[in-house]
Amino acid sequence: MEKDWVKIFSSDRPFEAEIVKGMLLDNDIEAVLLNRQSSSYNITLPGQVELYVHESMEKLAKDLVHNHNNLPTGDPNQIEGEE
């Protein structure tokens, strides 16, 4: 991933990440999916699909994701308020 891109969302369900990406694109925010899933371990260790946006759009993107069906933003393993 090139510099200046930040992860704003991750999920172990690819379809959910695609929906969020489409919502961001509808709001003129360029978004990139990074699939960290391994097909050979898909059943037992599904892995994560991560969604990245340019850092200049981070706040707007996180606000949109948060307000869209109350989906979580950022790394689900990160405690809120911790950077």
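For the structure itself, consult the block above.
The text that follows walks through the structure, step by step, so that each part is easy to find. Position labels on residues start from 1 in each chain and follow its written sequence. Whole-chain, interface and lining totals are the exception, using all residues; otherwise, since this is a predicted model, local features are given only for residues with pLDDT of at least 70 and side-chain atom pairs are given and counted only at 80 or more. Hydrogens and water molecules were not included; the side-chain quantities draw on all heavy atoms of the structure.

Strands are treated as partners if at least two bridges between them are detected by DSSP. Helix and strand labels come from DSSP, where a helix needs a run of H or I of at least four residues and a strand needs a run of E of at least two; each type is numbered from the N terminus. The strand order β1-β3-β2 describes an open sheet built from three strands, whose pairing is antiparallel. Every interior strand has two partners, whereas the edge strands, β1 (5-11) and β2 (31-35), have only one. Averaged over neighbouring strand pairs, the angle between their axes works out to 30 degrees when direction is ignored. Between two residues, a contact is recorded if the distance between any of their heavy atoms is within 4.5 Å. Orientation is described by axes fitted as lines to C-alpha atoms, over the contacting stretch for helices, and by angles from 0 to 180 degrees between their N-to-C directions. Along the sheet face, helix α2 (residues 58-67) touches β1 and β3 (49-54) and points at about 15 degrees away from the line of β1.

As a further point, take the pattern of salt bridges. In a structure, side chains of opposite charge can pair up when their charged atoms sit close to one another. Between Lys or Arg on one side and Asp or Glu on the other, a salt bridge is scored when a side-chain nitrogen of the former is within 4 Å of a carboxyl oxygen of the latter. With the rule as written, the count across this model stands at four salt bridges. The salt bridge involving K62 is made with E58; its shortest N-O contact spans 3.2 Å. Of this pair, K62 and E58 both sit in helix α2, separated by four residues, roughly a single helical turn. A simple rule labels every residue: compare its accessible area, found with a 1.4 Å probe on the protein chains alone, to the largest value its type can have, and call it buried under 20%, exposed over 50%, or partly exposed in between. By relative accessible area, K62 is classed as partly exposed at 28%. Residue classification places E58 among the partly exposed positions, given a relative accessible area of 24%. Among the ionic pairs, D63 bridges to K59, the shortest N-O distance being 3.0 Å. With a gap of four residues between them, D63 and K59 both fall in helix α2, about one helical turn apart. In this structure K59 comes out as exposed when scored by relative accessible area, which is 60%.

Before going further, it helps to examine the packing of helix α1 (residues 14-26) against α2. Closest axis-to-axis distance for the α1/α2 pair is 10 Å, and the angle between their directions is 125 degrees. Accordingly, the angle class assigned to the pair α1 and α2 is oblique. The hand of the α1/α2 crossing is right-handed. Contacts between α1 and α2 involve V20, M23 and L24 from the first element and A61, L64 and V65 from the second. When an angle is under 35 degrees it counts as roughly parallel; over 145 it counts as roughly antiparallel; between 65 and 115 it counts as roughly perpendicular; any other value is oblique. Crossing handedness: left-handed means the near helix sits turned counterclockwise from the far one by under a right angle, and right-handed means the same turn made clockwise.

Nonpolar side chains in soluble globular proteins generally cluster together in the buried interior. In plain words, nonpolar cores are sets of buried Ala, Val, Leu, Ile, Met, Phe, Trp, Tyr and Cys residues tied together by side-chain atoms within 4.5 Å. By size, the foremost hydrophobic cluster in this structure holds 14 residues, and its most contacted members are I8, F9, V20, L24, L51, V53 and V65. Secondary structure elements with two or more residues in this core: β1, α1, β3 and α2. In terms of residue count, α1 provides more of this core than any other element does, four residues in total. If near-sequence neighbours (up to four positions away) are discounted, L51 is found in contact with V6, K7, I8, F9, A17, V20, K21, L24, A31, V32 and L33.

Turning our attention to the pairing of β3. Here β3 lies mainly inside the structure; five of its six residues are buried. Of the pairings in the sheet, the one linking β1 to β3 comprises six bridges and is antiparallel in character. Within β3, the residue paired with S10 across the bridge is E50. As judged from the five bridges shared by β2 and β3, these two strands associate in the antiparallel manner. The partner of N35 across the bridge, within β3, is V49.

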